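Summary of structural features
Below, each chain spelled out in residue letters.
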Amino acid sequence: MPPPADIVKVAIEWPGAFPKLMEIDQKKPLSSIIKEVCDGWSLANHDQFALQHADSSNFYITEKVGKSFSTTLAQNAQQLHERIQSSSMDAKLEALKDLANYSRDVTFAQEFINLDGISLLTQMVESGTERYQKLQKIMKPCFGDMLSFTLTAFVELMDHGIVSWDTFSVAFIKKIASYVNKFASDISILQRSLAILESMVLNSHDLYQKVAQEITIGQLIPHLQGTDQEIQTYTIAVINALFLKAPDDKRQEMANILAQKQLRSIILTHVIRAQRAINNEMAHQLYVLQVLTFNLLEDRMMTKMDPQDQAQRDIIFELRRIAFDAELEPNNSSGSIEKRKSMYTRDYKKLGFINHVNPAMDFTQTPPGMLALDNMLYFAKHHQDAYIRIVLENSSREDKHECPFGRSSIELTKMLCEILKVGELPSETCNDFHPMFFTHDRSFEEFFCICIQLLNKTWKEMRATSEDFNKARKGVGRESLGRMVKQGHASLEVQRLTAPTSAEYWGVSSVQILCTLEGQHLESSSCAVQSGQLKQNRTNNYCYCTLFIVREI
């Protein structure tokens, strides 16, 4: 007959004795169970004992009510509190090791914190360890271990969220920041120091300002050039925290510093392209950095163009000049004003703007706002041949088959902002970073340049018309761009070089595209089959190098 469901068999051990397999009645109070266990080993004062998991967690077994258990934990916490202040180095080291282990348990942590344990640890970091630094040369291993266990216990205790981060002094922050430089070779001290700095920045605005004054990007960069991925992860986490908490007016300034220090290139070389797999935590930190970088575009994305702003209007004039090799005419140039207006209107139509008379009005909708114009200018300046080819190709087509460059650029920029979630805070659980966005300092603009060329190429193969623009955008655009991002290559250059030459790149067949544009949804199987057969026949002919003979009629 099986035992009752409330009766469980548990192996319990006591130091210096053989373990026992005991039956525990889960209905009994915890104090009664502990008394039975103590009676089994003839241990008096059962109210001074507690049950603890024997696995790596070492967590204490608790229940919502149980004064005797709380008394036991308080006694254990008191003993550790006294032991870590011992004058004996060996006793102190052993006590700090135990504290680092027990502090993971929230119940023990509460008791130790009630004894003002956090203050004791911070004092040890600020001044107590100074006494032993003089002896560091002769007892370096002991000192390193002692500091490592102290910082570990501090991190574990603070992770429970019982104590506010705002309570720490500048001296403590300076000391932790100094460890990032002094103990670069001690992995455990460096890792815990970086973890503390990250938590300070994320959990307190005041501490963010103090940490930002004590730690520089230049001090963090060397830790990314090492081979320990855990240290690299914590280093990027600190950079992300500083980036995330920086005021809006300081964020772009910090981005410029990161660019000057070649952070992207260092991460690409020593992290992404290192000869080892990227773990989940590193992937998450790279994703956060990717999101924060793209979020720098939010201001331009949400900025409307001012039609009266001459500097902004000059950008549109520059697009016209590059495309048509046209010099801006001075005010006193020959020709009537009406003639020049007509010429501008004609060119703006060729550039694909919706408003041919005043194209500045095309950029008054947010998003994408001025970001779309920025992308167009970047494409025109950095990929000038491709830009001119697209504009001239479309201006030479019949009106109904032209792919409006201006309108397409605005819609494409808007879709990229949606797909890449520009302006949204990073998720705490996502690790969806894309290596290709770490291969160029202007990755968003470069990705736009690749996409606008593919869009124009697909438009030609679809034989689409201007009336089909919205259908094409809704039917295949966003979904295809999303696939393009998720299936992105290791670099933007590879993405550019391996870009397919047909509409199948966008993840749908040419037949689907054409039927979508014509308002059909492949409901007619004959349309799909016949079109598919025609296409297959043409493909077969090309594949087998069919010889076509020209005969005179």
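Residues numbered from 1 in each chain as written. Predicted model: local features only at pLDDT ≥ 70, side-chain atom pairs only at ≥ 80, totals over all residues. Heavy atoms only, no water.

**Brief notes about the overall build of the chain**
Scanning the chain for helices and strands turns up 26 helices and two strands. Residues counted as buried form 44% of the 553 residues belonging to the chain. Counting only carbon and sulfur atoms, one obtains 51% of the accessible surface of the chain, whose full area is about 29,500 Å². (Helix = DSSP H or I, 4+ residues; strand = E, 2+ residues; numbered from the N terminus. Buried < 20%, exposed > 50% of the residue type's maximum accessible area, 1.4 Å probe, protein only. Areas by Shrake-Rupley, 256 points an atom, 1.4 Å probe, with all protein chains shown as cover.)

**Topic: the side chain of Ser193**
Among the structural elements, Ser193 can be located in helix H9 (residues 187-203). For Ser193, a relative accessible area of 0% puts it in the buried group. There is a polar contact of 2.8 Å between the side chain of Ser193 and the backbone oxygen of Ile189. Here Ser193 is in contact with Leu151, Ile176, Tyr179 and Val180, once residues within four sequence places are set aside. (Polar contact = N/O pair within 3.5 Å; in protein donor to acceptor, adjacent residues only side chain to side chain. Contact = heavy atoms within 4.5 Å.)

**Structural notes on the nonpolar core**
Most often, soluble globular proteins have nonpolar side chains that are buried together. One finds Ile84, Leu121, Phe154, Met200, Ile267 and Leu286 to be the most contacted residues of the largest nonpolar core, which totals 81 residues. Counting residues per element, this core draws most heavily on helix H7 (residues 140-158), at 10 residues. Core analysis: the next-biggest nonpolar cluster, separate from the first, contains 50 residues, Met305, Ala380, Ala386 and Leu454 among them. (Core = buried A, V, L, I, M, F, W, Y, C linked by side-chain atoms within 4.5 Å.)

**A short note on the pattern of salt bridges**
Counted according to the given criterion, the structure contains 13 salt bridges. With its nearest N and O atoms 3.7 Å apart, the salt bridge here joins Arg251 to Asp248. With Arg251 and Asp248 both in helix H13 (residues 248-260) and three residues apart, this pair spans about one turn of that helix. Arg251 sits in the partly exposed class, given a relative accessible area of 24%. Its salt-bridge partner being Glu253, residue Lys250 comes within 3.9 Å of it at the nearest N-O pair. (Salt bridge = Lys/Arg side-chain N within 4 Å of Asp/Glu carboxyl O.)

**Thoughts on the environment of Gln384**
As for its placement among the helices and strands, Gln384 is situated in helix H20 (residues 384-396). Residues Gln384 and Ala323, 61 residues apart in the sequence, show an inter-C-alpha distance of 8.4 Å. Excluding residues within four positions of it along the chain, Gln384 makes contact with Ile322 and Phe379.

**Comments concerning unusual backbone geometry**
The residue after Thr366, namely Pro367, is reached through a cis peptide bond having omega -15°. The omega torsion of the bond from Pro367 to Pro368 falls at 15°, within 30 degrees of zero and hence cis. Assignment of secondary structure puts Pro368 in the loop between helix H18 (337-350) and helix H19 (370-382). With a phi close to 65°, Asp116 is a non-glycine residue in the positive phi region. Position of Asp116 among the secondary structure elements: in the loop between helix H4 (106-114) and helix H5 (117-128). The class for Asp116 is partly exposed, based on a relative accessible area of 47%. A positive phi is found at Lys421, a non-glycine position, where the angle reads about 55°. Classification of Lys421 by relative accessible area gives partly exposed; the value is 43%.

**Let's talk about the packing of aromatic side chains**
Tallying each qualifying case throughout the model produces 18 aromatic pairs. Aromatic ring contacts, followed pair by pair, group Phe317, Tyr344, Tyr348, Phe353 and Phe363 into a single cluster. (Phe/Tyr/Trp six-rings, centres within 6.5 Å; stacked < 30°, edge-to-face > 60°.)

**A look at the environment of Met254**
Considering the arrangement of structural elements, one finds Met254 in helix H13. Excluding residues that lie within four positions of it along the chain, Met254 makes contacts with Ile217, Ile239, Leu242 and Phe243.

**Quick look at the environment of His440**
With respect to the helices and strands, the residue His440 is situated in the loop between helix H21 (405-419) and helix H22 (443-462). Residue classification places His440 among the partly exposed residues on the basis of a relative accessible area of 28%. Measuring from C-alpha to C-alpha, the distance between His440 and Ser265 comes to 8.3 Å, with 175 residues separating the pair along the chain. Setting aside residues up to four positions removed in sequence, His440 forms contacts with Arg264, Tyr378, Glu446 and Leu492. A polar atom in the side chain of His440 sits 2.9 Å from the backbone nitrogen of Arg442.

**Examining the confidence of the model for the chain**
When pLDDT is averaged along the chain, the result is 81, and 77% of the positions lie at 70 or above. Of all secondary-structure elements in the chain, the lowest mean pLDDT belongs to helix H25 (residues 510-517), at 38, while H19 reaches the highest, 98. Here residues 64-70 is modelled with pLDDT under 50, and outside its nearest four sequence neighbours on either side it reaches nine contacts, counting other chains as well. Counting interchain partners and residues more than four positions distant, the pLDDT-below-50 stretch residues 537-553 has two contacts. (pLDDT = per-residue confidence, 0-100.)

**So, the packing of helix H17 (residues 310-324) against H18**
Between H17 and H18, the shortest axis-to-axis distance is 11 Å and the interhelical angle comes to 80°. Considering the angle they form, H17 stands roughly perpendicular to H18. Along the contact surface, H17 presents Ile316, Phe317, Arg320 and Phe324, while H18 presents Met343, Tyr344, Asp347, Tyr348 and Lys350. Looking at side-chain class alone, the contact of H17 with H18 contains six nonpolar, no polar and three charged residues. (Axes fitted to C-alpha atoms, helices over the stretch in contact; angles between N-to-C directions. Parallel < 35°, antiparallel > 145°, perpendicular 65-115°, else oblique. Nonpolar A, V, L, I, M, F, W, Y, C, P; charged D, E, K, R; others polar.)

**Focus: helix H1 (residues 30-40)**
Every buried residue of H1 is accounted for by Leu30, Ile33, Ile34, Val37 and Cys38. Looking straight down H1, one finds its buried side chains confined to an arc of 135°; they lie on one side. Just downstream of H1 lies Ser42, where phi reads positive at about 55°. (Arc of directions from axis to C-beta.)

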